Amino acid sequence: MRYSFRAFLCAICLVVPQQSFAGFIDWTSFSNPSGTTSVSGLLSGSAVTATISGTGGSARIYAPGSSINNTYSWTGSAHIPNLVNSDMLYFENLVANSVDTWTVSFSAPVENPVFLFKGLERTYSFDSGITLLSANTPGYIVSGNSITGNTFTPSNAGSLQLFGTYTSLMIVGTGITGGDTHNRDAVLVQIGATPYVEPPPPPPPPPEEVNEPSMLTPLMLGLFLIATRLRIRQRQ
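Position labels on residues start from 1 in each chain and follow its written sequence. Predicted model: local features are reported for residues with pLDDT of at least 70 only, side-chain atom pairs are reported and counted for 80 or more only, and whole-chain, interface and lining totals are derived from all residues. Remark: hydrogens and water are excluded; side-chain values derive from all non-hydrogen atoms of the structure.

Residues in a regular strand point their side chains to alternate faces of the sheet. As paired elements, strand β4 (residues 46–54) and strand β8 (residues 100–119) share seven bridges and run antiparallel to each other. When the bridges of β8 are listed, T51 appears paired with T103. The pairing criterion for strands is at least two bridges between them, as found by DSSP. Secondary structure counts use DSSP, requiring at least four H or I residues in a row for a helix and at least two E residues in a row for a strand, with both numbered from the N terminus. Pairing of β8 with strand β14 (residues 165–174) involves eight bridges; the strand directions are antiparallel. Looking across to β14, one finds that W102 is bridged to I171. Strand direction decides the pairing type here: β8 and strand β15 (residues 185–195), joined by eight bridges, are antiparallel. In the strand pairing of β15, V110 is matched with P195. Of the strand pairs in this sheet, β8 and strand β13 (residues 157–162) are connected by five bridges, and their pairing is antiparallel. Residue V114 lies in a different strand from β13, and its bridge partner there is Q161.

Next up on the list: the nonpolar core. Ranked by internal contacts, the top residues of the largest apolar core, which has 34 residues, are F115, F126 and I147. Here this core gets six residues from one element, more than from any other, and that element is β8. Formed by ten residues, the second largest nonpolar core is a distinct cluster that contains F24, Y72, M88 and L116. Here, nonpolar core means buried Ala, Val, Leu, Ile, Met, Phe, Trp, Tyr and Cys residues that are tied together by side-chain atoms lying within 4.5 Å of each other. Note on exposure labels: buried denotes an accessible area under 20% of the residue type's maximum, exposed denotes more than 50%, and partly exposed covers the range between, all computed with a 1.4 Å probe on protein chains only.

This part covers the packing of aromatic side chains. Only Phe, Tyr and Trp rings are paired, with Trp represented by its six-membered ring, and only when their centres lie within 6.5 Å; those with planes under 30 degrees apart are stacked, over 60 edge-to-face, the remainder tilted. The final tally for this structure, using the stated rule, is six aromatic pairs. Pairing Y62 with Y90 gives two aromatic rings, centres 5.7 Å apart and planes at 70°, and the pair type is edge-to-face. Of this pair, Y62 sits in the loop between β5 (59–61) and β6 (67–74) while Y90 is found in strand β7 (residues 83–93), placing the two residues 28 residues apart along the sequence. On the numbers, 5.3 Å between centres and 80° between planes, the contact of F115 with F126 is edge-to-face. Placement of F115 in strand β8 and of F126 in the loop between β9 (123–125) and β10 (130–135) is noted, with a sequence separation of eleven residues between them. Residues F115 and F126 agree in their burial class; the two are buried. Taken together, the ring pairs connect F91, W102 and Y124 into an aromatic cluster.

Before going further, it helps to spend a moment on unusual backbone geometry. Looking along the chain, the bond that leaves I80 and enters P81 is cis, with omega of 0°. Summarising the element assignment, P81 is placed in the loop between β6 and β7. Although it is not a glycine, N70 adopts a positive phi angle of roughly 60°. Structurally, N70 is set in strand β6.

A few words now on the environment of L132. Among the structural elements, L132 can be located in strand β10. A relative accessible area of 30% places L132 in the partly exposed class. It is 6.1 Å that separates the C-alpha atoms of L132 and S159, two residues lying 27 residues apart in sequence.

Let's shift gears to the environment of G54. Mapping G54 onto the fold places it in strand β4. In this structure, the C-alpha to C-alpha distance between G54 and T101, residues 47 residues apart in sequence, is 6.2 Å. Contacts are assigned to residue pairs with any non-hydrogen atoms lying within 4.5 Å of each other. Residue contacts for G54: discarding those within four places in its chain leaves V99 and D100.

Below is the structure:
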């Protein structure tokens with residue numbers, strides 16, 4: 001039997017699983033255009049807020065260094081997926097060895113969030129275990145729910161993912177690896193997630209079968225009795 005090449009390609013498309021990626025947040029406004037601790041955006045029409053706090057004002061989302069006008073591109077092998085015409089937030093640590101906390105709040109539940117990042121020198125701990133999807137340097141070390149980088153440089157980049165359903169994410173930055181002479185850090189970030197869809201309820205159980213009493217049993221019994229009487233009469 002002969003098959004066309006087009007049919008062969010279609011068969012391959014059916015066999016190879018298609019990988020889907022999250023939607024990414026459209027960041028829209030800062031609380032302070034010159035240097036901020038809060039930024040707002042939308043994910044699939046639902047509101048998202050990112051905030052950062054640190055000891056003695058040690059951290060900020062640096063608005064002038066960020067890009068929220070859909071002109072920033074995340075391209076190259078370090079980023080899964082590649083994004084063109086997206087946004088970027090510049091999270092900055094200002095005080096050596098401080099403890100900084102990022103909080104990302106979703107107004108509707110999301111699944112399997114993805115972080116695209118550049119830089120990242122300190123250790124950042126997430127709510128749950130993370131998976132490093134890709135990186136263009138071997139310097140990133142993932143252990144359980146934390147990732148540690150090396151010397152800050154925007155050319156170092158990667159992608160990581162958490163699995164599960166979330167209404168908020170908390171990331172805590174601590175320490176320093178010693179690569180930066182100022183013992184500070186900066187991370188360029190874009191965040192994506194899949195909106196959570198409530199699974200459909202299970203189907204109702206089938207109705208129980210009710211065994212109606214059979215009419216054949218009394219009928220057959222009656223016929224048997226009649227036949228028995230006829231036999232007795234014939235013998236008499």
